[in-house]
Amino acid sequence: MTLDPRAFREAGRAALHDPSLRIALGRLKTHFALGRARAVERYGDWEALREQGRAIRDYALAHLDTLLEEFERNVVARGGQVHWARDAKEAREIVLRILREAGAKSVTKGKSMVSEEIALNPYLDANGVEPVETDLGEYIVQLRREPPSHIIAPAFHLNKEDVAKTFREAHTALDPDRPLVERTELVAEARALLRARFESADAGITGANFLTAEEGAAVLVTNEGNGDLTRLLPKTHIVLTGLEKVVANLEHAAVLLRLLTRSATGQDISSYVTVMNGPRAPDESDGPQNFHVVLVDNGRTRLLGTDAEEVLRCIRCAACLNHCPIYAAVGGHTYGATYTGPIGAALNPGLMGVGVAHRHPNASTFCGRCAEVCPVKIPLPTIMRHWRAREYASGLAPKSMTAGLGAWAFFAKRPALYRFAAGIVACALKFLARNGRVHSLPLLHNWFLVRDFPAPQGKTFHALWTARQ
Amino acid sequence: MSAREDILAAIRARRAKAVAAPPSYCAPAPPDSVQAFVEHATRANAEVRLIANETEIPQAVAELLRARNLPAIVHVPPNASNLPWNSAPGLMRERAAPGPEDAAVAIAPFGIGETGTLAYPSATDAPASWHFRAGFEIAVIRAEDILMRMEDVIARLKATALPPTLNFVTGPSRTGDIEQTLELGAHGPKVLAILIIQD
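Residues numbered from 1 in each chain as written. Chains lettered and ligands numbered in written order. Predicted model: local features only at pLDDT ≥ 70, side-chain atom pairs only at ≥ 80, totals over all residues. Heavy atoms only, no water.

What about the packing of helix α20 (residues 399-412) of chain A against helix α21 (residues 415-432) of chain A?
Residues and elements named next belong to chain A. The following threshold applies: Helix axes use the C-alpha atoms of the stretch in contact, all axes being lines fitted to C-alpha atoms, and the angles between their N-to-C directions lie in the range 0 to 180 degrees. Think of it this way: any DSSP run of H or I at least four residues long counts as a helix, any run of E at least two long counts as a strand, and we number them from the N terminus. Any angle between 65 and 115 degrees counts as roughly perpendicular, while under 35 counts as roughly parallel, over 145 as roughly antiparallel, and the rest as oblique. Here a residue-residue contact requires only that any non-hydrogen atoms of the pair lie within 4.5 Å. Under this grouping Gly is polar, as are all residues other than the nonpolar Ala, Val, Leu, Ile, Met, Phe, Trp, Tyr, Cys and Pro and the charged Asp, Glu, Lys and Arg.
At a minimum axis distance of 6 Å, the contact between α20 and α21 shows a crossing angle of 115 degrees. Comparing their axes, α21 and α20 come out roughly perpendicular. In this structure, α20 uses Trp408, Phe410, Phe411 and Ala412 to contact α21, whose residues at the interface are Pro415, Leu417, Tyr418 and Ala421. In the contact of α20 with α21, the residues fall into 8 nonpolar, no polar and no charged.

Structure below.
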């Protein structure tokens, strides 16, 4: 499966007619949204917490240079190394170089969206290092050679029957007649197979949810424990992450954690939160001997000081996806990008270029639910509007839209003509209506497939307003 | 220019506005940290038992294993080897790292009432990987070590030094990756039992 954000419309059309995807997407409301709502209610003063989270992220972004330097100093002081990557290519090369120096042939991986963003796995495969995804969802989509379809639930688009089929096809050394129906059986099979991979891996790669400058630590959140086995069992641990993840200190990270897990899965805290602070101490019996952090820019610093800057506050909880009517209709793969849903729509034009990802900010009803649930108050629709304006200015907007807007502008600039035309349209709609509803109009066939439109009841707004004055 | 210099220069060229440090924040908390700990740990699928003192640990461990029809074998890390293990005859102790079906004891120096969380700083005598290798973790914590918030634990540890690995553990390992439905025991322990020493 190749990722192409330009094919959003075609992919979306296919997704809308995929019955198995409809079942999976139905779980957004019943599982994620409901869990978050309950966790927010349990917490108490959620709005004060959100405001604190926003302030912490804004402070970090305003001091990004000094915090990154402080972070680097403290990682080095604890025996680790920090690497800087301007773009995806540099990041891939740095990771491969570290792995080659460690003599690594196989590498276990904790879930990392930055790894997807820089397309690390195919690069490692091509260079003789076998990457093994260990987050269950990420493992499933790796076996299927698919990208993840959701920021925190990579196999969100699948049902358990799909997973069973994938396991039967991939785990050919196991008894073909084994029972593989219940979720418990699927989880147990992956647990057993992956434990062996953890034990034999030469290196481990994880992401980071936060980097803390004052301590030089990376903070990682998981529910499965796979991130920890990835860090602790191999000799070399690489943290691969976006450079915007840095915050001032662990205390700030602790506040953001309260927002992150409640917004993501509706948990007060995830099963595991790990503060990873350099390599093992000389007298410790486990933990990595080499500790590396790869800081990836890949378009992030370009967003600083722009109208889209606030998107860098994002802590990747996926609440905006879980509450988005567009994501709920088409799923993640439609976006053809690592970041999907509203956060993808606000981030992708910045990271990939407006020319590549301009369809994403248009895939929104502007209902505003994403901004309401965002734990760090990113004004997502405002940022999407910014990208729409850039699209229009670059001449990338569809011709039908430019023509339509042009026609509207022609009338809007001529008020008398506008009123006259509006009156005619109102009359025409009334004439076309059946039982007070308009059921179809020329050129708008698709729009009317699933909706109708109330017929105008009498005079135009302008006429009513004038009468009232 | 190196990538590092390039990136830092790009940040400095674009940084626009001054932003003040955020005000200090204190998460809302119930009055009693131990009671809150029990409530939250239980909600996170941990089994919590209160015991009177340290001497009851071996017997409690033996009972937990028996209740699950598990063999009377427990893996004991160096920092738990001095417990009065002889008070539970028939309970075998292993010093090797536990496997995915084994039971292991873990001493938690701190707990967090707000979320029912155990805090494990890694140390020579407390290997971090055990919390993820075992199938059944039996944690031991003193009631007086249960603080209210994660920030309180961080402050205590910072007073000396942060360990290379600091694990916060809340309930057993879990996944929701298949149909968004909770399954316990993804990679780490399938069961987490917590013994709270009250004396």
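Some remarks on the interface of chain B and chain A
For clarity, the threshold we go by: Salt bridge criterion: a side-chain nitrogen from Lys or Arg within 4 Å of a carboxyl oxygen from Asp or Glu. Polar contacts, as used here, are pairs of N or O atoms within 3.5 Å; protein pairs need one atom able to donate a hydrogen and one able to accept it. Residues neighboring in sequence count only if both atoms are side-chain atoms. Any two strands with at least two DSSP-identified bridges between them are counted as paired.
At the junction of the two partners, chain B supplies 72 residues and chain A supplies 94 residues. At the surface where chain B touches chain A, the tally comes to 14 salt bridges. Here Arg4(B) makes a salt bridge to Glu72(A), at a shortest N to O gap of 2.7 Å. Taken together, chain B and chain A are joined by 50 residue pairs in polar contact (both at pLDDT 80 or more). If one sorts the elements of the side of chain B that touches chain A by residue count, helix α1 (residues 3-14) of chain B sits on top with 9 residues. Here the side of chain B that touches chain A is built from residues that sort into 33 nonpolar, 21 polar and 18 charged. Sheet topology note: the strand β9 (residues 272-276) of chain A/strand β9 (residues 165-169) of chain B ladder contains 5 bridges and is antiparallel. Following the sheet pairing, Val273(A) is matched in β9(B) by Phe168(B).

Here's the deal with the pattern of salt bridges
Condition: Categorising residues by exposure relies on relative accessible area from a 1.4 Å probe, with only protein chains included: less than 20% of the type maximum marks a residue as buried, more than 50% marks it as exposed, and the intermediate range marks it as partly exposed.
In total, this model carries 44 salt bridges over all chains according to the counting rule given. In this structure, Glu251(A) engages Lys158(B) in a salt bridge whose closest nitrogen and oxygen atoms are separated by 3.1 Å. In this pair, Glu251(A) sits in helix α13 (residues 250-264) while Lys158(B) sits in helix α5 (residues 150-158), so the two residues belong to two different chains. Owing to a relative accessible area of 24%, Glu251(A) belongs among the partly exposed residues under this scheme. Accessibility expressed as a relative area gives 26% for Lys158(B), which makes it partly exposed. The salt bridge partner of Arg142(B) is Glu54(B), with a shortest N-O separation of 2.8 Å. Within this pair, whereas Arg142(B) is found in strand β7 (residues 136-142), its partner Glu54(B) is found in the loop between β1 (47-51) and α3 (57-67), the two being separated by 88 residues in sequence. Taken together, the salt bridges that share partners define one network made up of Glu51(A), Arg54(A), Asp58(A), Glu310(A), Arg313(A) and Lys377(A).

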